[in-house]
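Structure assessment
Take a look at the letters that make up each chain.
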Amino acid sequence: MGMDLHELLRSLRVWDPEVTELPAFDPDTAPDEPLPLFTRWFAAAVAAGQPEPHTMSLATSDGEGLPDVRTVMLHGADADGWAFATHATSRKGRQLAARPYAALSFYWPVLGRQVRLRGPVGIASPEESRADLRARSTGALAAALTGRQSEVLESVEALEEASRAAWDRAGREPATPAPTWTLYRLVPDEVEFFQGEAGRRHVRVQYRRGANGRWDRRLLWP
């Protein structure tokens, strides 16, 4: 008889030194704005071999204020915000239309690091959304053309049929638009950088955007 859930949980380690390095993080070296630090930490996660470092949790809420979360892919980060894409008709697209405010979370366990952001979410222009889709793979276009994301699926066969047709069209017409495909940008009001420490003296640096648009930086207790 196999382990139960609680036995499995007790058997696991966090930040096993065989696979995790916890680099020192001096908060006094943090820049005045969060984007340069995010870029530096992201590059370090890639260099350290973190699997899929560009994936992130996206938290939204529905019209009643109830939370929802899922994993999506980062499409870019710059002065305009942290970008991701989905169908405007999907569950998260509908939630963002009703409440255009969200939170993002990155976790890179190979370095014991997290980055958390929250802020209003804006919609890119249709031209930018089309360019975003064109820059992705044939498989991404096929998935976008399959459409109907978050709707009830009648059968596995229905998905297979729609997917085959979408893959065929994506291969033949790589410039085919997917009208509901939308690029979103989260413009953070708040960004937190968390660096794990073996003695549990974790370093947390929080940036908060002031009314004048400038960033204030402070430490948080772990």
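Structure shown above.
Here we summarise the structure given alongside this text. A quick note: this is a predicted structure, and the numbers were derived from the prediction, not measured. (Residues numbered from 1 in each chain as written. Predicted model: local features only at pLDDT ≥ 70, side-chain atom pairs only at ≥ 80, totals over all residues. Heavy atoms only, no water.)

1. Notes on unusual backbone geometry
Within the chain, tryptophan 15 stands out as a residue other than glycine whose phi angle is a positive 55°. Residue position: tryptophan 15 is located in the loop between α1 (5-11) and α2 (34-47). Its relative accessible area of 16% is what places tryptophan 15 among the buried residues. A positive phi angle, near 45°, is found at glutamate 52, a position not held by glycine. When you line up the elements, glutamate 52 lands in the loop between α2 and β1 (55-61). Assessed through its relative accessible area of 54%, glutamate 52 is described here as exposed. (Helix = DSSP H or I, 4+ residues; strand = E, 2+ residues; numbered from the N terminus. Buried < 20%, exposed > 50% of the residue type's maximum accessible area, 1.4 Å probe, protein only.)

2. Focus: the side chain of aspartate 68
Examined against the element boundaries, aspartate 68 turns out to sit in strand β2 (residues 67-73). One polar contact links aspartate 68 to glutamine 95, side chain to side chain, over a distance of 3.2 Å. (Polar contact = N/O pair within 3.5 Å; in protein donor to acceptor, adjacent residues only side chain to side chain.)

3. Considering the pattern of salt bridges
Counting across every chain of the model gives 11 salt bridges. Two residues, arginine 116 and glutamate 192, come together in a salt bridge whose shortest N-O distance is 2.8 Å. Taken together, the residues arginine 116 in strand β6 (residues 113-123) and glutamate 192 in strand β8 (residues 190-195) connect sequence positions 76 residues apart. Judged by its relative accessible area of 41%, arginine 116 falls in the partly exposed class. Judged by relative accessible area, which is 6%, glutamate 192 ranks as buried. Across the salt bridge formed by glutamate 197 and arginine 201, the nearest N and O atoms sit 3.6 Å from each other. According to the relative accessible area criterion, glutamate 197 is partly exposed, its value standing at 25%. (Salt bridge = Lys/Arg side-chain N within 4 Å of Asp/Glu carboxyl O.)

4. Remarks on the pairing of strand β4 (residues 81-87)
In terms of residue burial, β4 counts as a mostly covered element, since 7 of its 7 residues are buried. Pairing analysis gives 3 bridges linking strand β3 (residues 76-78) to β4, with the strands arranged antiparallel. Counted as the bridge partner of aspartate 78 is glycine 81 from β4. Connecting β3 to the antiparallel partner β4 that follows it, the hairpin turn spans 2 residues. Across 6 bridges, the pairing between β4 and strand β7 (residues 181-186) is antiparallel. By the bridge assignment for β7, phenylalanine 84 is matched with tyrosine 184. (Pairing = 2+ DSSP bridges.)

5. Describing helix α3 (residues 91-98)
Lys92, Gly93, Gln95 and Leu96 are the residues of α3 that are buried. Each buried residue of α3 lies within a common arc of 165° when the element is viewed along its axis, so the set occupies one face. More than 90 degrees from the buried face of α3, the exposed residues found are Ala97 and Ala98. Each element contacted by the buried residues of α3 is listed here: β1, β2, β4, β5 (101-108), β6 and β7. (Arc of directions from axis to C-beta. Contact = heavy atoms within 4.5 Å.)

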